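Examining the three-dimensional arrangement
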Amino acid sequence: MAESTPPCPMPPGTSSLSPLFSGSSSFDVLSQPPAFWKQYKDVPLPSMPLLPITSPETLRKCHQMKHVGRKDIFICSYPKSGTTWMQNIVYQLLRASRSLENDNNDKPLVLPPLQHISDYSPFFEIDPHWKEDSDETIDKIQQAHETLGYRLFNTHLRHDMMPHSSSMEDFYRAIYVVRDGRDVCTSFYHHMINQHVEDGGFPTDNFDDFFQAFADGTVTFGKWTHHLASWLPQYYQQVEANGNDKQQTTAPKCQILLVRYEDLKQDLKKELWRIAEFLNLNLLLERPQRNDPIWESIFETVSFSYMREHQSLFHPRSVRWKNGYNFIRKGKVGDHETLWTQQHRNKFDSVVQKDFKDLASTH
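Note that the structure is predicted; figures quoted are calculated from it, not measured.

1. Some words on the pattern of salt bridges
If you walk through the whole model with that rule in mind, you get 14 salt bridges. K140 is the salt-bridge partner of D119, the closest N and O atoms lying 3.9 Å from each other. You can see D119 sitting in the loop between α3 (83–103) and α4 (139–148) and its partner K140 sitting in helix α4, a full 21 residues away along the chain. Taking relative accessible area as the criterion, D119 reaches 18% and is therefore assigned buried. Among the residues examined, K140 registers a relative accessible area of 52% and is labelled exposed. Here D355 makes a salt bridge to K223, at a shortest N to O gap of 3.2 Å. With D355 in helix α13 (residues 342–362) and K223 in the loop between α6 (207–216) and α7 (224–243), this pair connects stretches of sequence that are 132 residues apart. With a relative accessible area of 12%, K223 lands in the buried category. One salt-bridge network, held together by shared partners, links E57, R60 and D135.

So this is what it looks like as C-alpha cells:
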C-alpha cells in the first residue's frame, strides 16, 4: 500500500501556543497564533550571510536537487536551536527502524558503528559535500544514505532556498527546530567566538559586539527573525489545510514538523514518538516505549549526557575550531541569563518587534 501524505502535526500546546520564553520579554514571537504567521507567507527577505564554504553554485544545486521524495529528510533550523541534537535523534530512530527491517530481510544492510553524525546527516549547503562536475552529492554521502535507507541532511537554509525544482518526485520531510531566541543568541556567541575567523567565526569575544551583529543580521546566517518568517508561515499553512480538510491546489513541496527545543528538554520520550510518527517508522511505532530494549537504546544514545561523553561523534568537521572548545556545551533552557542584562532583553524585544513590523510592511 502506498504511503499516504502525512498530516502536519501540531506541537503540544499549539492551540493556545504556550510561551517558550520565561516571561521577561513583552513580545514572545514564538507564542504568536497561526494568524500572526500567515501575513508573512512568501514575504521577501534580504540575502542571508553564509559561511565561506558555501558558494552560489552549491546553493543552486541545493535548490534544484534532483529526485527528491519521501525518503529525503531535512533537519532545518537557525543555528544553535538544537540542530545537532535533532540530527542524532533522527539518525538513531532511522537506525533502529533499519534494524527492525533487517529482522525480516534475508539480505540485511547492517549499519557500522557511528563514527561521526555528519557521515549520515551531512551539512546540506557546503561545497565539499557536492561533486564539482555534477549536481549530485559526493559518493561517500550517497553510499551512507543508501545504507541508512534515507537521504538525511541538516541545514540552516531558509525555506525558499530549499529543493524546489521540477524534477521533484514527491514531497520531502522537514523537521524545523525552534528555540528561545535569547538562548540561541547566547549559544551562537560561544560557537562563533571559538570558530576560526577564516572559516566564518566571529572576530572578537566581546558579547556586546556579537549581540549587536545578531540583532543587525550581519552574523553568519542572518537574522533569527527572518529564518522564522521563512519557515513558520509554511508550517501553519499546512496545519490549517489539514485541520480544515482542504484540498491543496498543488502538491506541497515539503511536509513540516515543528519541534521546540524546550519540549525536547521537558519530555524527550514524547517528542521522540512524535518524530517517529512524522517519519512513518511503523515498525518502531508498533513497539511500546516502556521496557523495550530498542527504545531504551534510543533513549540512551540521544541523551544529552551521552552526547557530552561522546563529543567526537558530534563536533562539526566542516570548519576549524580553537583548542579546548566543547561543541556540546550546556544545552540549558534559560542559559542566556548568564550573559544578558536587562538592557539586552529590552533591545532584543525591540528588535524582534521591529523586524516583524518591517517585514509586514514589505508584503
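2. Structural notes on the sheet that holds strand β2 (residues 151–155)
The 4 strands are arranged β2-β1-β3-β4 in an open sheet whose pairing can be described as parallel. In this open sheet, the two strands that pair with only one neighbour each are β2 and β4 (254–260). Strand-to-strand twist across the sheet, computed as the mean angle between neighbouring axes with direction ignored, equals 20°. In this structure, strand β1 (residues 72–77) lies alongside β2, joined through 5 bridges in parallel fashion.

3. Quick word on the confidence of the model for the protein chain
Here the protein chain averages 85 in pLDDT, while 84% of its residues score no lower than 70. Low pLDDT, under 50, characterises residues 10–26; the stretch is placed with 44 contacts to residues that sit more than four places away or in other chains. Overall, residues 245–250 carries pLDDT values under 50, and its contacts beyond four positions in sequence, including any with other chains, amount to 4 contacts.

4. A closer look at helix α2 (residues 56–63)
For the α-helix, the turn length of 3.6 residues means that residues three or four positions removed from each other point alike. Among the residues making up α2, those that are buried are T58, K61 and C62. End-on view of α2: buried residues confined to an arc of 100°, all on one side of the axis.

5. Details of the environment of E262
Checked against the element boundaries, E262 lands in helix α8 (residues 261–266). Under the relative-accessibility criterion, E262 is labelled buried at 10%.

6. A short note on the side chain of Q92
Relative to the assigned elements, Q92 resides in helix α3. When near neighbours in sequence (up to four residues on either side) are disregarded, Q92 contacts L114, I298, T301 and V302.

7. Concerning the packing of aromatic side chains
Tallying each qualifying case throughout the model produces 29 aromatic pairs. A ring pair is formed by W340 and F348, whose centres lie 5.5 Å apart and whose planes are at 75°; its orientation type is edge-to-face. On the basis of relative accessible area, F348 is assigned to the buried category, the value being 6%. One aromatic cluster is present, built from ring pairs that chain together Y78, F188, Y189, F202, F207, F210, F211, F214, W224, W340 and F348. When the ring centre of Y261 is taken as reference, the NZ or CZ atom of R179 above it lies at 4.1 Å. Here K265 stacks its cationic end above the ring of F304, 5.3 Å away from the centre of that ring.

8. What to know about empty space enclosed by the protein
Take a probe with the size of a water molecule and roll it over the atoms, and the empty space left behind shows itself. A complete count under the given rule lists 3 cavities of 30 Å³ or more for this structure. Space inside the largest cavity adds up to approximately 70 Å³. For the largest cavity, the full set of lining residues is F214, A215, K223, W224, T225, F348, V351, V352 and D355. If you list the elements that add at least two residues to the lining of the largest cavity, you get α6, α7 and α13. For the lining of the largest cavity, the leading source of residues is α13, giving 4 residues. Each residue belonging to the lining of the largest cavity can be placed in one class, and the counts come to 6 nonpolar, 1 polar and 2 charged.

9. What to know about unusual backbone geometry
Backbone geometry at N280 places phi at a positive 60°, although glycine is not the residue there. Its location among the elements puts N280 in the loop between α9 (268–278) and α10 (282–285). N280 sits in the partly exposed class, given a relative accessible area of 31%. With phi around 60°, N291 is a residue other than glycine that occupies positive phi space.

10. Comments concerning the packing of α9 against helix α11 (residues 293–301)
Between α9 and α11, the least distance of the axes is 11 Å, while the angle of their chain directions is 110°. The angle between the axes of α9 and α11 places the two elements in the roughly perpendicular class. Regarding α9 and α11, the two cross each other, and that crossing is right-handed. For the pair α9 and α11, the contacting residues are K269, L272, W273 and A276 in the first and W295, I298 and F299 in the second. For the contact of α9 with α11, the per-class residue count stands at 6 nonpolar, no polar and 1 charged.

Reading guide: rules and limits
- Residues numbered from 1 in each chain as written.
- Predicted model: local features only at pLDDT ≥ 70, side-chain atom pairs only at ≥ 80, totals over all residues.
- Heavy atoms only, no water.
- Salt bridge = Lys/Arg side-chain N within 4 Å of Asp/Glu carboxyl O.
- Helix = DSSP H or I, 4+ residues; strand = E, 2+ residues; numbered from the N terminus.
- Buried < 20%, exposed > 50% of the residue type's maximum accessible area, 1.4 Å probe, protein only.
- Pairing = 2+ DSSP bridges.
- Axes fitted to C-alpha atoms, helices over the stretch in contact; angles between N-to-C directions.
- pLDDT = per-residue confidence, 0-100.
- Contact = heavy atoms within 4.5 Å.
- Arc of directions from axis to C-beta.
- Phe/Tyr/Trp six-rings, centres within 6.5 Å; stacked < 30°, edge-to-face > 60°.
- Lys NZ or Arg CZ within 6 Å of the ring centre and 35° of its normal.
- 1 Å grid on protein atoms, 1.4 Å probe; cavity = no way out; pocket = protein on both sides within 12 Å on 5 of 7 lines; lining within 4 Å.
- Points joined across faces, edges and corners; volume = space filled by probe spheres on them.
- Nonpolar A, V, L, I, M, F, W, Y, C, P; charged D, E, K, R; others polar.
- Parallel < 35°, antiparallel > 145°, perpendicular 65-115°, else oblique.
- Left-handed = near helix turned anticlockwise from the far one by under 90°.

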